[in-house]
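Observations on the three-dimensional arrangement
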Amino acid sequence: MVRARFSAVLLCIAIVVFGRGLTYPFLSEWDDGEYVLGAIDRLSPAVDNVVYWFTHFHAHNYHPLTMLSYMADYSLWGTNPVGYHLQSLLWHVVAATALYSVFLRLRIAPVIAAIAVLVFAVHPQRVESV
């Protein structure tokens, strides 16, 4: 119950801190241009495309799970960047909640664990991953 409430608090804080990013367009000069806009022809949900991502490099990187995630986003949102940003925000909250659970399993005091996770969740270093 405490973890569920803390997850809800994390979600609210993440939305307050990073929510403005949901309105941003794709950043074509950054990763979005290469991995989303530059790969549109390979983002449709087809078996051939799944095989392609597991057998090819893209932008000098091999990251099939990332591209499968983009395929799911493309299936849901097309080229609307809001969905892509929303997924990143939600995964960030999931990661922070998982970190909180790990801290509790390590028997770190819940208050200390919560403070550490809140710093992780909103620290400016996290901006790129969200």
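Quick look at the structure, then. The structure presented is a predicted model; accordingly, all values stated were derived computationally and were not measured. (Residues numbered from 1 in each chain as written. Predicted model: local features only at pLDDT ≥ 70, side-chain atom pairs only at ≥ 80, totals over all residues. Heavy atoms only, no water.)

**Topic: the environment of Cys12**
- Assignment of secondary structure puts Cys12 in helix H1 (residues 2-18).
- Sequence separation of Cys12 and His60 is 48 residues, and the distance between their C-alpha atoms is 36 Å. (Helix = DSSP H or I, 4+ residues; strand = E, 2+ residues; numbered from the N terminus.)

**Here's the deal with the environment of Val16**
- Looking at where Val16 falls in the secondary structure, it is placed in helix H1.
- Look at Val16 and you get exposed, because its relative accessible area is 70%.
- Each C-alpha atom of the pair Val16 and Val122 lies 9.8 Å from the other, and the pair is 106 residues apart in sequence. (Buried < 20%, exposed > 50% of the residue type's maximum accessible area, 1.4 Å probe, protein only.)

**Comments concerning the nonpolar core**
- Phe6, Leu10, Ala14, Ala96, Tyr100 and Val117 are the most contacted members of the largest nonpolar core, which has 13 residues in total.
- For this core, the secondary-structure elements that each account for two or more residues are H1, helix H5 (81-105) and helix H6 (110-122).
- For this core, the leading source of residues is H5, giving five residues.
- When residues no more than four places from it in sequence are discounted, the contact partners of Ala96 are Leu10, Val117, Phe120 and Ala121.
- Among the nonpolar cores identified, the runner-up in size contains 11 residues, and Phe26, Tyr35, Val36 and Ala39 belong to it. (Core = buried A, V, L, I, M, F, W, Y, C linked by side-chain atoms within 4.5 Å. Contact = heavy atoms within 4.5 Å.)

**Some points on the packing of helix H4 (residues 64-77) against H5**
- Contact geometry for H4 and H5: axes closest at 9 Å, N-to-C directions at 130°. Viewed along their axes, H4 and H5 adopt a mutual orientation that is oblique. The element H4 and its partner H5 pack so that their crossing is right-handed. Contact residues: Ser69, Tyr70, Asp73, Tyr74 and Trp77 in H4; Gly83, Tyr84, Leu86 and Gln87 in H5. (Axes fitted to C-alpha atoms, helices over the stretch in contact; angles between N-to-C directions. Parallel < 35°, antiparallel > 145°, perpendicular 65-115°, else oblique. Left-handed = near helix turned anticlockwise from the far one by under 90°.)

**A short note on unusual backbone geometry**
- Despite not being glycine, His60 has its phi angle at roughly 65°, a positive value.
- Considering the arrangement of structural elements, one finds His60 in the loop between helix H3 (47-55) and H4.
- Backbone geometry places Arg107, a non-glycine residue, at a positive phi of 65°.
- Classification of Arg107 as exposed rests on a relative accessible area of 76%.

**Re the packing of aromatic side chains**
- Taken as a whole and judged by the stated rule, the model has five aromatic pairs.
- Judged by centre distance (5.0 Å) and plane angle (80°), the ring pair of Tyr52 and Trp53 falls under edge-to-face. Here Tyr52 and Trp53 have matching classes, each one buried.
- Here the aromatic rings of Tyr70 and Tyr84 are separated by 6.3 Å at their centres, their planes lie at 40°, and the arrangement is tilted. (Phe/Tyr/Trp six-rings, centres within 6.5 Å; stacked < 30°, edge-to-face > 60°.)

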